[in-house]
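Chain by chain, the residues:
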Amino acid sequence: MVEKLASSVKILAAFDKFKGTLNSREIGEISLKSLNSSPFSGFQSKILVLSDGGDGFLSSLTVPLELEFVQCEVLDPLGRPISTNFGVGKLPSSSESIGVIEMACASGLHLVPMELRNPLHTTSKGTGQLIAAAIKRGCTRIFLGVGGSATNDGGLGALEALGVEMEFAKEGKSYVPEFITGADLPNLVSIKKLPKLLASIEISCDVTSPFVGKEGAVSVFSGQKGAGEKEKQILEEGMIHLSTLIKETTGKDVTEVPGSGAAGGIAGGFWGLINASLKKGIEFVAAAHDLERHIQWADFVLTGEGCFDETSLVGKTPSKVIELAQKHQKPLLVICGEDRLKREEHVPFWERKIPVLSLVPTFDREHAMKNASDCVEELIQRNLEDIHRLIERR
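Since the structure is predicted, the reported quantities are computational estimates derived from the model, not experimental observations. All residue numbers refer to positions counted from 1 along the written sequence of the respective chain. Side-chain atom pairs in this predicted model are given and counted only at pLDDT of 80 or more, local residue features only at pLDDT of at least 70, and totals for whole chains, interfaces and linings cover all residues. For side-chain calculations, the full set of non-hydrogen atoms in the structure is used, while hydrogens and water are omitted.

1. Here's the deal with the nonpolar core
The criterion, for reference: The term nonpolar core refers to a set of buried residues drawn from Ala, Val, Leu, Ile, Met, Phe, Trp, Tyr and Cys, joined through side-chain atoms within 4.5 Å. Exposure is judged per residue with a 1.4 Å probe applied to protein chains only, and the accessible area is read against the type maximum: over 50% gives exposed, under 20% gives buried, and values in between give partly exposed. Labels follow the DSSP assignment, with helices taken as runs of H or I lasting at least four residues and strands as runs of E lasting at least two, numbered in each case from the N terminus.
Membership of the largest hydrophobic core comes to 54 residues, with the highest contact counts inside it found for I131, I142, V146, I201 and F270. Here this core gets seven residues from one element, more than from any other, and that element is helix α9 (residues 262-274). Among the nonpolar cores identified, the runner-up in size contains 31 residues, and L12, L50, V321 and V356 belong to it.

2. Some points on the sheet that holds strand β7 (residues 165-170)
Cut-off, in case you're wondering: The criterion for strand pairing is that DSSP finds at least two bridges linking the strands in question. Axes here refer to lines fitted to C-alpha atoms; in helices the fit is confined to the stretch in contact. Angles between the N-to-C directions go from 0 to 180 degrees.
The sheet built from three strands is open, its strands ordered β8-β7-β9 with antiparallel pairing. Each edge of the open sheet carries a strand with a single partner, namely β8 (173-175) and β9 (188-193). Across the sheet, the mean angle separating the axes of adjacent strands is 30 degrees when strand polarity is ignored. Here four bridges tie β7 to β9, and the two strands are oriented antiparallel to one another. Across the sheet, the residue bridging to M166 is I191, located in β9.

3. Topic: the side chain of D184
The criterion, for reference: His is not counted, nor are the chain ends, whereas Lys and Arg count as positive and Asp and Glu as negative. Salt bridge, as applied in this entry: a Lys or Arg side-chain nitrogen positioned within 4 Å of an Asp or Glu carboxyl oxygen. Polar contact is defined as a pair of N or O atoms within 3.5 Å, subject to the rule that within protein one atom must be able to donate a hydrogen and the other to accept it, and that residues adjacent in sequence are counted only when both atoms are side-chain atoms. Any two residues having at least one pair of non-hydrogen atoms within 4.5 Å are treated as being in contact.
Position of D184 among the secondary structure elements: in the loop between β8 and β9. Buried within the structure, D184 lacks any salt-bridge partner; K170 is the closest side chain of opposite charge, at an N-O distance of 7.5 Å. There is a polar contact of 2.6 Å between the side chain of D184 and the side chain of Y175. For D184, the contacting residues outside a window of four places in its chain are F168, Y175, P177 and F179.

4. Observations concerning the packing of aromatic side chains
Rules: Classification of ring pairs uses Phe, Tyr and Trp, with its six-membered ring standing for Trp, and accepts pairs whose centres are within 6.5 Å; under 30 degrees between planes counts as stacked, over 60 as edge-to-face, and the remaining range as tilted.
Within this structure, the stated rule accounts for three aromatic pairs. Aromatic side chains F57 and F284 sit 6.5 Å apart centroid to centroid with 40 degrees between the ring planes, which places their arrangement in the tilted category. Residue F57 is found in helix α3 (residues 57-61), and its partner F284 is found in helix α10 (residues 281-289); the two are separated by 227 residues along the sequence. There is no split in this pair, since F57 and F284 are both buried. Ring plane angle 45 degrees and centroid distance 5.9 Å describe the contact between F168 and Y175, whose orientation is recorded as tilted. On the accessibility criterion, F168 (2% relative accessible area) is buried.

5. With respect to the sheet that holds strand β5 (residues 97-102)
Judged by pairing direction, the sheet is mixed, and its six strands sit side by side in the order β3-β4-β5-β6-β10-β11 without closing on themselves. Across the chains shown, the open sheet's two edge strands, defined by having one partner strand only, are β3 (68-75) and β11 (277-280). Mean inter-strand twist for the sheet, computed between neighbouring axes without regard to direction, equals 30 degrees. Bridge analysis of strand β10 (residues 200-205) against β11 gives four bridges, and the strand direction is parallel. When the sheet's bridge partners are listed, S204 is paired in β11 with K279.

6. Side note on the packing of helix α8 (residues 229-250) against α9
The test is simple: For classification purposes, angles smaller than 35 degrees are called roughly parallel, those larger than 145 roughly antiparallel, those between 65 and 115 roughly perpendicular, and all remaining angles oblique. Helix crossings are classified by the rotation of the near helix relative to the far one: an anticlockwise turn of less than a right angle makes the crossing left-handed, while a clockwise turn makes it right-handed. Residues were grouped as follows: Ala, Val, Leu, Ile, Met, Phe, Trp, Tyr, Cys and Pro as nonpolar; Asp, Glu, Lys and Arg as charged; and all remaining residues, including Gly, as polar.
Following both chains from N to C, one finds α8 and α9 inclined at 15 degrees, their axes separated by 10 Å at the closest point. Judged by the inter-axis angle, α8 sits roughly parallel to α9. Two packed elements cross with a definite hand, and for α8 against α9 that hand is left-handed. For the pair α8 and α9, contact is made by M239, I246, T249 and T250 and by G264, G265, G268, G269, G272 and L273, respectively. Classifying every residue of the contact of α8 with α9 gives three nonpolar, seven polar and no charged.

7. Observations regarding the pattern of salt bridges
Across all of its chains, the model carries 20 salt bridges by this definition. The shortest N-O distance in the salt bridge between D76 and R80 comes to 2.7 Å. Here D76 falls in the buried class, since its relative accessible area comes to 2%. E292 is the partner of K327 in a salt bridge, and the nearest nitrogen-oxygen pair spans 2.7 Å. Of this pair, K327 sits in helix α12 (residues 317-327) while E292 sits in helix α11 (residues 291-297); the two residues are 35 residues apart in sequence, bridging distant segments of the chain. Assessed through its relative accessible area of 55%, K327 is described here as exposed. Connected through salt bridges with shared partners, the residues E96, R141, E202 and K279 form a single ionic network.

Structural data, given as structure tokens:
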């Protein structure tokens, strides 16, 4: 039975990144390599590089959209010049030129040293510069993946780079920021002019947070970007003020729009002022890859991400993979850095509705972060017999 299974089984690896350790392709390759030993040697396999709109968005679309990478000089979150890339390609169903932009490439938190992280002093201008460069190159449809940003400027830095004209004043005196940051939000007096863009913008995000409030951009995300309580108060007041000016300018109420709080409010700023659409990132990426067809092909599906928790089941990469695997009754295994879902104790992982193998607490967290590749390989090797039980369910 084992030999017959080994020669015929088809395994699909469809992971998101393990943030800070392994990217999507790396975790897929390591997982398949670890399985490629007795009794599994000889199986067929495929790897899909997935993302839900955050870090890795650009690389996840490189193959399905046949992207050409274009180098561009922009400003990083601190206003320093950097060189980064955006992608240009075409959708299979259309001849129009599309631009694919990952916000983290220009405005990512990883670009800011730990001691300088403070969303009062960071800008999304570089992201706007990438979009402007893609439009200048002839792209008429822009896909913007937001996530992993260092900013909380409501997208004003990026919007300025796209031609939105604004007026600022502090203590009764007008001023022109070198680049707009979170600290400028409370000082915004008016939005004077909106551009006529030659491209539509679709924002892919992995969160449902509104623009303001207890579940909004500032309350949920600004702390991890370096904001303390004082900074949070300034930012929240600024975001509320911006939402009021957006409504006065375009008539659109951004305050409670799901997803508008993504990436420091850039999603809401774009939606409210330049008519960008907001979509779940994994839905777009899954469609680009024709994920459902690949899952139908597979006998066994591997997925996962660094932290597997309640949010992983709503709008994140694993949620879509799990949904489609269950739809087509395919056995599935989640491999993650840390499993934070509440579940029954003393139930073998392979008997659970969503089987999960987690690096932590099998390994010490620090050790797992530093040696993620080896830990994944060892985790799979330790559980080969139970993984075999899962595959036999097909």
